[in-house]
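Working through the structure, step by step
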Amino acid sequence: CAEMRGLFSSLRRDQSGAVAVEFGLWSILFFVGALAAFDLGDLYMKRSQMSAAVSAASLQAFDQRESVQFTGLTAYVRALANDQNLSVTISCNGVAGSCVNNNRPCACLTQSATYVAQACGTPCTGAGQTTGVNSGYYLTIEASRTMNPVLVRGRANTRLTHAATVRLQ
């Protein structure tokens, strides 16, 4: 029993290996922090690419407002975002897949981001409508994707979404 006490006492005073243990603990903390930084950086990079792609596509549509290539906008947004799995929705006056270049129906945009059908060029004066504006033809491009963070599992399947609405007429 005395030998055991002596052994424990010498082990308690022995400092060899303490630096290795400290290094191991600090390196775990460093790698967790680095992983969190990479995770956050990836999230911001994907969101930034998606936002820039949607904005560029809406500017292109506005520039070609007389004859917009609606069928090519989805591929254009995906190519600019460098993400072929990006979910892209193209809608006009709030209705997906209804975009046309000829005989466009007009609407007024409301303050709750909905559309009220109205004859083209007439003033928007109804309740909740944007006043001082004439009715027009609105194109909305919305892109979204799911992010799965590596570190924070509670935030799995985080949905990133960006939309831009531009008046074409």
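Above: the structure in question.
Source: prediction; values computed, not measured.

**Some remarks on helix 2 (residues 18-63)**
With 46 residues, helix 2 ought to run about 68 Å at 1.5 Å a step, and its terminal C-alpha atoms sit 67 Å apart, in line with that. All of the buried residues in helix 2 are S27, D39, M50, A53, V54, A57, S58 and A61. Residues of helix 2 that are buried make contact with helix 3 (70-81), strand 5 (138-147) and strand 6 (158-167).

**Things to note about the nonpolar core**
Proteins that are soluble and globular tend to have nonpolar side chains buried together. F70, L73, V77, L139, I141 and L168 are the most contacted members of the largest nonpolar core, which has 24 residues in total. Taken together, the elements giving at least two residues each to this core come down to helix 2, helix 3, strand 1 (87-92), strand 5 and strand 6. Counting residues per element, this core draws most heavily on helix 2, which supplies five residues. Apart from the residues within four sequence positions on either side, I141 is in contact with V54, A57, S58, L73, V77, V88, T89, I90, H162, A163 and A164.

**A closer look at the side chain of S144**
Following the sequence through the fold, S144 ends up in strand 5. The class for S144 is buried, based on a relative accessible area of 8%. For S144, the side chain forms a polar contact with the side chain of R159, separated by 3.0 Å.

**Quick look at the sheet that holds strand 5**
Read from one edge to the other, the open sheet built from four strands follows the order 2-1-5-6, with strand pairing classed as antiparallel. Either end of the sheet is taken by a strand with one partner, and the two such strands are strand 2 (95-96) and strand 6. Sheet topology note: the strand 1/strand 2 ladder contains two bridges and is antiparallel. Bridge assignment links S91 to a residue of strand 2, and that residue is A96. Its contacts with the sheet place helix 2 against strand 5 and strand 6, and it is angled at close to 20° to strand 6. Across the sheet, helix 3 touches strand 1 and strand 5, and the angle it forms with strand 1 is around 145°.

**Concerning the environment of R65**
With respect to the element layout, R65 can be found in the loop between helix 2 and helix 3. Once the C-alpha coordinates of R65 and Y138 are considered, the two residues, 73 residues apart in sequence, prove to be 10 Å apart. Beyond its immediate stretch of four places on either side in the chain, R65 contacts R104 and L168. Polar side-chain contacts of R65 include one of 2.7 Å to the backbone oxygen of F62.

**Let's talk about the pairing of strand 1**
Relative to strand 5, strand 1 runs antiparallel, the two being bridged by six bridges. Bridging from a neighbouring strand, T89 pairs with E142 of strand 5. Hairpin geometry of strand 1 and strand 2 is characterised by an intervening segment of two residues between the two adjacent antiparallel strands and by a positive phi of about 50° at N93.

**Here we look at the state of the cysteines**
Tallied over the full model, the rule gives three disulfides. C92 shares a disulfide with C99; S-S distance 2.1 Å. In this structure the cystine formed by C92 and C99 twists about its S-S bond by roughly 105°; its chirality is therefore right-handed. Disulfide pairing is shown between C108 and C124; the S-S distance is 2.0 Å. Because the sign of the S-S torsion sets the handedness, a value of about -85° for the bond joining C108 and C124 places this disulfide among the left-handed ones. Separated by 16 residues along the polypeptide, C108 in strand 3 (residues 107-109) and C124 in the loop between strand 4 (115-117) and strand 5 bring together distant segments of the chain. The buried category is assigned to C108, whose relative accessible area is 0%. Sequence-ordered numbering of the bonded cysteines in the chain gives a disulfide pattern of 1-2, 3-5, 4-6.

The rules behind the values
Residues numbered from 1 in each chain as written. Predicted model: local features only at pLDDT ≥ 70, side-chain atom pairs only at ≥ 80, totals over all residues. Heavy atoms only, no water. Helix = DSSP H or I, 4+ residues; strand = E, 2+ residues; numbered from the N terminus. Expected span 1.5 Å × (residues − 1). Buried < 20%, exposed > 50% of the residue type's maximum accessible area, 1.4 Å probe, protein only. Contact = heavy atoms within 4.5 Å. Core = buried A, V, L, I, M, F, W, Y, C linked by side-chain atoms within 4.5 Å. Polar contact = N/O pair within 3.5 Å; in protein donor to acceptor, adjacent residues only side chain to side chain. Pairing = 2+ DSSP bridges. Axes fitted to C-alpha atoms, helices over the stretch in contact; angles between N-to-C directions. Disulfide = S-S within 2.5 Å.

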